[in-house]
Every structure is written in structure tokens, then in C-alpha cells.
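Structural description and commentary
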Amino acid sequence: MPCGPNAPRGIIVGGRAGKVCSHDSRFPAFVKPFPLVVIASLSGFCVSVSAEANEAEARAFFEKKIRPVLVEHCYECHAEGAKKLGGKLRLDTAEGLRKGGESGSPMVPGSPEESLLVQSLRWEFDLEMPPENPLPPQVINDFVNWIRTGAHDPRDDQPASQPVAEVDAASDLAKTHWSFQPVENLEPPEVSESDWARDPLDRFVLAGIEKAELEPTNDAPPATLLRRLCFDLTGLPPTAEQVADFTEEFERDGQRAVARWVDDLLASPHFGERWARHWLDVARYGESNGNDGLSRNPSFPHAWRYRDYVIDAFNRDTPYDRFLTEQIAGDLLPAEDDAQRDRHLVATGFLALGAKPAKAMNNNFAMDVVDDQINVVGSGIMGLSVACARCHDHKHDPIPTRDYYALAGIFTSTETMWGVAANEGLTAPPTDLHVLKAAAKVPPPKGWKETVLVIESNTGKPKQPPKSKWEPGTPLAMGVRDKKEPADCQINLKGESKKLGDKVPRGFLSACSLPGEKIEIDPKTSGRLELAQWLTRPEHPLTARVMVNRIWLHLFGQAIVGTPDDFGVYGDRPTHPELLDHLATRFVADGWSMKRLIRAIVLSRTYQLDSAADLRMVEADPSNTWLARHLRRRLDAESLRDSMLKASGQLELTPADGSIIRHRDILVNLAGNLHEPSRHRSVYLCMLRNSPPPSLSAFDLPDATTVLGKRSSTVLPTQALFLINSPFVVDQSLAFARDLWKSEPASGNDRARAESAVRRALGREPRSGEAERGLAMIRKVEAELAEEFPDPGERRERAWASFCQALMATNEFRYVD
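Remember, predicted model here, so these are calculated numbers, not experimental data.

Turning our attention to the nonpolar core. Core analysis: the largest hydrophobic core is formed by 175 residues, its most contacted members being Leu233, Trp279, Tyr306 and Leu555. Considering every element that reaches this core, the biggest residue donor is helix H14 (residues 365-382), with nine residues. Excluding its chain neighbours within four sequence positions, the residues that come into contact with Tyr306 are Trp279, Leu280, Ala283, Tyr285, Gln327, Val346, Ala347, Gly349, Phe350 and Leu353.

Printed below as a string of C-alpha cells:
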């Protein structure tokens, strides 16, 4: 029986006949961890990729890494208007690139080694392109990766050189495209079932449902609702005891009980751990640089401070406008004390965390850093691919090149501080770091001696690091600060730093500015503070819309705008534009409070709908565009790991202290596996680029190289193998079994022990026959292990571990309704 989002729909058991959901949640077959066997419920894994997320990532990669190189180095001879079309090959359209020229198609998608384009860029087989000088290795590697992943090309078939028409079109587009229009504060629409709504947002949803001639499904049962609330607000499952208590309170007090539990969950420190992880995806958080194009991957030993800042900000309910201002210009804000000053400085790590290409043979290194900063502000905060205007006026959004360099001047006037980059000058030149004052007063632990390990890039052996400018133990942080002499930036013709055009005054995007609006930038500063003020002014058409869309996505599993990082012309149109503006208006009016908005949404009737619905309704709206039901969702990587730790009794709920690389300025690629076992929540694991935590990597963890507001959601055979053979899963299964026997001694009842395992894993009372089937499976596995494990105690432990592992592999454990 296939499982996952595309599994056949099954009738729900337990008194909910006649309704269907995405797949049956009844017990699957069980599995033992030794030897390798395939779980029956996992054997039909199929691919179900989130097309929207992959499309957005592929488009961003092309626009940032591929198109600028084609424009700079290829269009002169291989584009419309070339004096002589070299080899009859056009590279200025997607069709021209696919079709090829006299030598045939220049590439084989998926096979870079067989592609003439790669061979030409490498100067192989007498093929030399560009003919003057070869491109830097990291640029060639970008083309290799692009072709290997399918050579996605979002260009239409219009030639690239139409500057006048494009500028005019962009000007008109700013006046007509929905996302650049002012946010409207609309009255909730009239609906036929006005008593159905609990919150004004429900009327916007119900109006759409009624227009589509559908009906909302029933409210979710209390147990389903509590599990949904716990995962959405804290990333952790409720216990069976909590489910029983909530159900009793709900039957007595109804929505008043829901509000009490929601308030407790929002006040939990685990709320910040859950919602910080969402923002860290947007902030492209990583604790190492990632492959710089030359296979070097320097660590970022101080990045973890930014992670902790984000967790703290969500728990404090820092208003979103303030949250953004601290990250963009925290170093320019006044502070009441050293602790607040430290928080402000750490917050600016948002602009310093980006993955950087190698400095070696790269004249554009400084502008590549700026481009990353523009991208995280553009895509992350405004939902616009501003970085596409680096080489030319944006091809489809109203962003002229001058606007790009108006923003660039703000960041070229900013000093970005990432540290010594493993003392590898070819990767990145060493920079200063913020020195924290309040943290310095906290005693580094008794007996601890701070060490910094540096590895020789050519031998892989440790070497004596250069003498540090700081005293050992000095608390440091990545971040930014203003340069001593801020200045406007010149246009880089075709994106090349050595080919300079006009100087552009520092400023902002004209498409998002009010008519006649002019925010003066102090010429003695970078302009980052003014940028933050411009982004967070209530009239900005994008900032509030983008964030409320992100919040909606994480609560419903589907966004109002399906491309959360792209509100431009190529992005999706909102399914409920009036609802989006209603939420954005409320968000700003409520002081940009993220907790207040989340609270309002989860207390709405729409959020509390069941995921089970009449088959007729599911068939009429299979993608749930009209929100007539809730979607069943697979747990993300972090929630799955944390749930396993909780079920096994191993979860350590106190925050982790720092990071395993906090004293290691090293090249990760030469250091081997740096990850260590941890019982802390997944948000505290060391997030090294190109070397993610093994316990998370199978389940669509982002690569942290670019803004990612919506993760892919794949169902792959490797995930089934992870649930069977992963050392982490096997270890948690054994710990689960041992804890069962510890809490229920050998003289105890096996049936009670099996029922306890079901409660701990699934957060509910066992259903009829479940304990018996589990015990039968345990006896069978124990008999099969007799020869391999002659010791009765070890054999019994392994058999019970097999049962525990099977529970954690069920759909019911891994999905939330």
C-alpha cells in the first residue's frame, strides 16, 4: 500500500465513516531494526516534489548564477544583434540554448560531462569559450550544477536586448501588478452562514467557499486539533495525558478551553524554537560558508549567536518592524544597556551569514557579497528577486538596474564581518567581528580552555593559528557596521565590477515608493537605518503582505500566495487577495505582533477545520484552494527528530549552549564528520552548509545558500531506508524500549507495556487489537533473533526496540492532520 501525500485515500476508522483524508492512519506492518527489512507501509514510496518551491529555487539560481554570465561573456557573439552569430548559436533565449547551433545542442540536461557547453567553458578538446580567458572555476562549477539539476531556464523566447521597451513596461507594471498596489483595508464580505465565522478572516474564506459552491467540512475533533496546535506552535507532539485533559476541558468549555491552551503554547519557550526555524530558512542560516566554488568550506564559529537571537526575538514577541530593523541596522540603534547593545549587534548577522564565492580570481567578490545582501532583503522581506537586476533592467518585474545599484550603495557603504574564514585568504579575506560586552561578564565554564583549530588546506593537518587580536574567551559575533567613508555605488556594466558606469545615489525601489515620496539618506551613514524605516513604514505594499503569507503557510501547509519568496510577475497570484490584505492590515494595526496574528489565525474556524472531508468536496477542490478543509502534512525534519527523542524519553528540553564549532575556525571539508550525538532540539544542531546533520538530512532540509520560504516536500525511498537503518532511529528505538522496561519492570504486564508504547508514540489510547498485534510482532521478531542474539535479555530488548521503531515509522506518527 503506497503511503505519503499521493497514497490512495482510505475510509477513516473510529466513527468518522463516509469521510476521507489523504491516507489511512491505521497501524502499518511492523519492522525490526536488525537485520535490514523493508516496512510494508513504506515500500511504496513515491516522489511528490513541491513543484512551486523547486521552480522558485531553480529560477533564482539561473537568475543569480547563470544569466549574468551569459550576458557578460556570451551575448556579444551569441545573441540577436551580434555582428556575426558565432556557430549559428543563440544563447539569449531558452529555445536557442536548447536548439543549439552548427555543433548541435550545447548541453545535455542532467549530464554536464557530456555537454559541449561545459567542455567549452573548461577549454577542453580545443573548445575555448570565452576565447579571451577561461572563466573562474567557481563560475564553471555553477554551470555544471545547473546542467546536472536539469538546466532550468525561465526565459521566454524574446531576445534579451529590448531596453527601451522593458523600461517602459516596468514603469507600467508598477502601476498595475497586484503586489505593488497599496494594501486595502476591506470590510469582511457578507456570507450566507454568518454564524459560522468566529473571526473576521473566516468570512473572507467562507465567501470563497460559497462562491465555489462548496461547503466547509466539520470541525476537527479535540485530539486532532490539539496535536495540530502543538506541532504548529511548538514543533512538539502532545502527550496522551495532555490530549485527555484538553478533550475534557473542550467538552466543558469549548473555545474558551482552546484559547487557554493556545495562550500557554504561545508563552512556552518552545514557541520561539519552532518559529525561529521558519525564519532561519528565510535568513539562509548556516554555520559554515558552504562550497566556495573551489571545494573549500570555512566554518562560521559565531553564527549560532544569531540563531539564539532569533529564538529569543520570537519568544519576546519582538514586533516584526523592530525585528527587521534590528537585523538590518541594529548597530545604528540606541541601546539602554550592554545586553541590549549585544542583541542589536548579533541581529545584524542576518546580513553577514550568506554563502560567499571564493575570492581567488574573482574581481566581483565584494559585489557578490552585496548581491547576497540585496537578495535576502529583496526575496526574504519583500518577496522580490531584486538581484536579477544586477546586470540589466529586470526582465519581468519593475526593477531597473539603477534601483539595484541604489540599494547596492547602501551595502557597499557597509562593512560585512564574517571573521577569519578559517584563515583561508583564497576563500575570503579576514574581517573584524563584533565584540560583545554583556556576554563577556559571564564566566567562559570552569576548567575550559578555548582552542581554535586551523587546518592546512594542502596537507589537511593542524597548524598553529595566527595570533588572534582578541583575548581568549572574548565573546564575538558576526554582523555589519558602517564603513568610515560611505559612498554611492557606480553601476557595474553587465555586472562586472571593473566596468563602471554612472554613480547612483543611494535609495530604494521606485516601484514600492509612494508618488513624490523621498526618504533622505544621511550622507555620513550607509543608509541601512533609512532602508529599515522604508521597509517597515505601514504604507509599504510588500513587507506586511509577505510576512502574513509566510505565517499562513506555516499554519496551513499552503500559502495564500503559493510562491512566498516571489510576489513578482512570475510568482503566483493570491488565491484570496482580500484575505491577504485583511491580515496585513491587522498585522500592522496590532503593532506588527507575530504572536497576536498567529493567535487570531489558530482560533479561527478556518484553521480548526478537520482534514477529513466528503469525497465529493475533495474531488471538487483537490488542491484545497478554497480552504474548505485542513491539509494533512508530513512533519518536517526537525519535528520528526524531536518527536522521536520525546517518544524515547531522550529529549533534552533546555536550550543548547552555543555550538559544537564555537571554537573551531576550520575548513569543514578537511575536518571529517564534525557532528556529535545530541539530545537537544533540532534547532540547536550544527547547521553546516554541505554537511548537514545526518539525523535531519533525509527530509528536505534546506541547503541554506539562498532564501527559502517554502521547503520542498518529497517522499523518497531514501527516507524509508532512513526510518529503517538510520543509527539515530535505531538508537532511539533501543532507548525507547529500555525506558519502557525501566518504567514497567520485568515482572510487569507485557500488554500494559505495549499500550504504554502506543500512548508515548502516538499520543492516544490504544485501539482495539493494537496491543495484541504489537505483542505478536515482538514474539515473532524475538524468535527470529534467537541465533543472532543468544542472550535472552538482549534479544528481548531488540524485539521491543523493533516494535518501538515500527510505531515511529507509522503515518500517524509522521503526519499531522
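From this point, the discussion proceeds with the structure in view.
Here we take up the packing of helix H7 (residues 222-234) against helix H9 (residues 255-267). It is the contact of H7 with H9, at a shortest axis distance of 10 Å, that shows an interaxial angle of 25 degrees. Considered as vectors, H7 and H9 are oriented roughly parallel to each other. Crossing of H7 over H9 shows right-handed handedness. For the pair H7 and H9, contact is made by Leu225, Leu226, Leu229, Cys230, Leu233 and Thr234 and by Val258, Trp261, Val262, Leu265 and Leu266, respectively. Here the contact of H7 with H9 is composed, by residue class, of ten nonpolar, one polar and no charged.

Axis separation between helix H17 (residues 543-556) and helix H19 (residues 594-602) bottoms out at 11 Å; the angle between their running directions is 45 degrees. In terms of orientation, H17 lies oblique with respect to H19. The interaxial crossing formed by H17 with H19 has right-handed handedness. Between H17, through Met547, Val548, Ile551, Trp552, Leu555 and Phe556, and H19, the contact on the second element is made entirely by Met594, Leu597, Ile598, Ile601 and Val602. Its residues placed into classes, the contact of H17 with H19 shows eleven nonpolar, no polar and no charged.

Once that is clear, we can look at the side chain of Ser526. Here Ser526 shows up in the loop between strand S9 (500-504) and helix H16 (528-535). Within polar-contact distance, the side chain of Ser526 engages the side chain of Asp482 at 2.6 Å. Excluding residues within four positions of it along the chain, Ser526 makes contact with Leu332, Gly409, Ile410, Ser413, Thr414, Asp482, Pro486, Arg506 and Ile521.

Next up on the list: the pattern of salt bridges. Applying the stated criterion to the full structure yields 48 salt bridges. The partner of Asp253 in a salt bridge is Arg252, and the shortest N-O contact between them spans 3.4 Å. One salt bridge connects Arg738 with Glu797, and the closest N-O pair in it is separated by 3.0 Å. On the criterion of sequence distance, the pair formed by Arg738 in helix H23 (residues 727-743) and Glu797 in helix H26 (residues 792-808) is long-range, its members being 59 residues apart. Glu797 sits in the partly exposed class, given a relative accessible area of 22%. A single network of salt bridges, built from pairs that share partners, joins Glu249, Arg252, Asp253, Arg256 and Arg260.

Looking at where Arg296 falls in the secondary structure, it is placed in the loop between helix H10 (269-282) and helix H11 (304-316). Contacts of Arg296, omitting those with residues within four sequence positions, involve Gly290, Asn291, Glu424, Leu426, Thr427, Leu667 and Asn669.

Our next topic: the packing of aromatic side chains. Enumeration according to the criterion identifies 24 aromatic pairs in this entry. Among the aromatic residues, ring-to-ring pairing joins Trp279, Tyr306, Tyr309, Phe314, Tyr320, Phe323, Phe350, Phe587 and Trp592 into one connected group. We note Arg753 situated over the ring of Trp741; from NZ or CZ to the ring centre the distance is 3.7 Å. Over the ring of Trp741 we find Arg796; its NZ or CZ atom is 3.9 Å from the centre of that ring.

A separate point is a negative patch on the surface. Taken together, the side chains of Glu193, Asp195, Glu215 and Asp614 present a region of like negative charge at the surface. Locating Asp195 in the fold gives a position in the loop between helix H5 (163-176) and helix H6 (200-211). Among the residues examined, Asp195 registers a relative accessible area of 75% and is labelled exposed.

Turning to helix H8 (residues 240-253), a few remarks are in order. Over its 14 residues, H8 extends 20 Å from the first C-alpha to the last, a length consistent with the 20 Å expected when each residue adds 1.5 Å. Residues of H8 that are buried: Ala240, Val243, Phe246, Glu249 and Asp253. In the stretch just after H8, Gly254 is the one whose phi turns positive, near 60 degrees.

With that settled, consider unusual backbone geometry. The backbone phi angle of Arg284 is positive, close to 45 degrees, even though this residue is not glycine. As for its position among the elements, Arg284 is in the loop between H10 and H11. For Lys494, which is not a glycine, the phi torsion comes out positive at approximately 55 degrees. Of note, Lys494 is situated in the loop between strand S8 (489-492) and S9. A residue is classified by how much of its surface remains accessible, and Lys494, at 40% relative accessible area, is partly exposed.

Criteria and cut-off values
- Residues numbered from 1 in each chain as written.
- Predicted model: local features only at pLDDT ≥ 70, side-chain atom pairs only at ≥ 80, totals over all residues.
- Heavy atoms only, no water.
- Core = buried A, V, L, I, M, F, W, Y, C linked by side-chain atoms within 4.5 Å.
- Buried < 20%, exposed > 50% of the residue type's maximum accessible area, 1.4 Å probe, protein only.
- Helix = DSSP H or I, 4+ residues; strand = E, 2+ residues; numbered from the N terminus.
- Contact = heavy atoms within 4.5 Å.
- Axes fitted to C-alpha atoms, helices over the stretch in contact; angles between N-to-C directions.
- Parallel < 35°, antiparallel > 145°, perpendicular 65-115°, else oblique.
- Left-handed = near helix turned anticlockwise from the far one by under 90°.
- Nonpolar A, V, L, I, M, F, W, Y, C, P; charged D, E, K, R; others polar.
- Polar contact = N/O pair within 3.5 Å; in protein donor to acceptor, adjacent residues only side chain to side chain.
- Salt bridge = Lys/Arg side-chain N within 4 Å of Asp/Glu carboxyl O.
- Phe/Tyr/Trp six-rings, centres within 6.5 Å; stacked < 30°, edge-to-face > 60°.
- Lys NZ or Arg CZ within 6 Å of the ring centre and 35° of its normal.
- Patch = residues over 30% accessible without salt bridge, like charges linked within 9 Å, V, L, I, M, F, W, Y side chains within 5 Å.
- Areas by Shrake-Rupley, 256 points an atom, 1.4 Å probe, with all protein chains shown as cover.
- Lys, Arg positive; Asp, Glu negative; His and termini not counted.
- Charge placed at Lys NZ, Arg CZ, Asp CG, Glu CD.
- Expected span 1.5 Å × (residues − 1).

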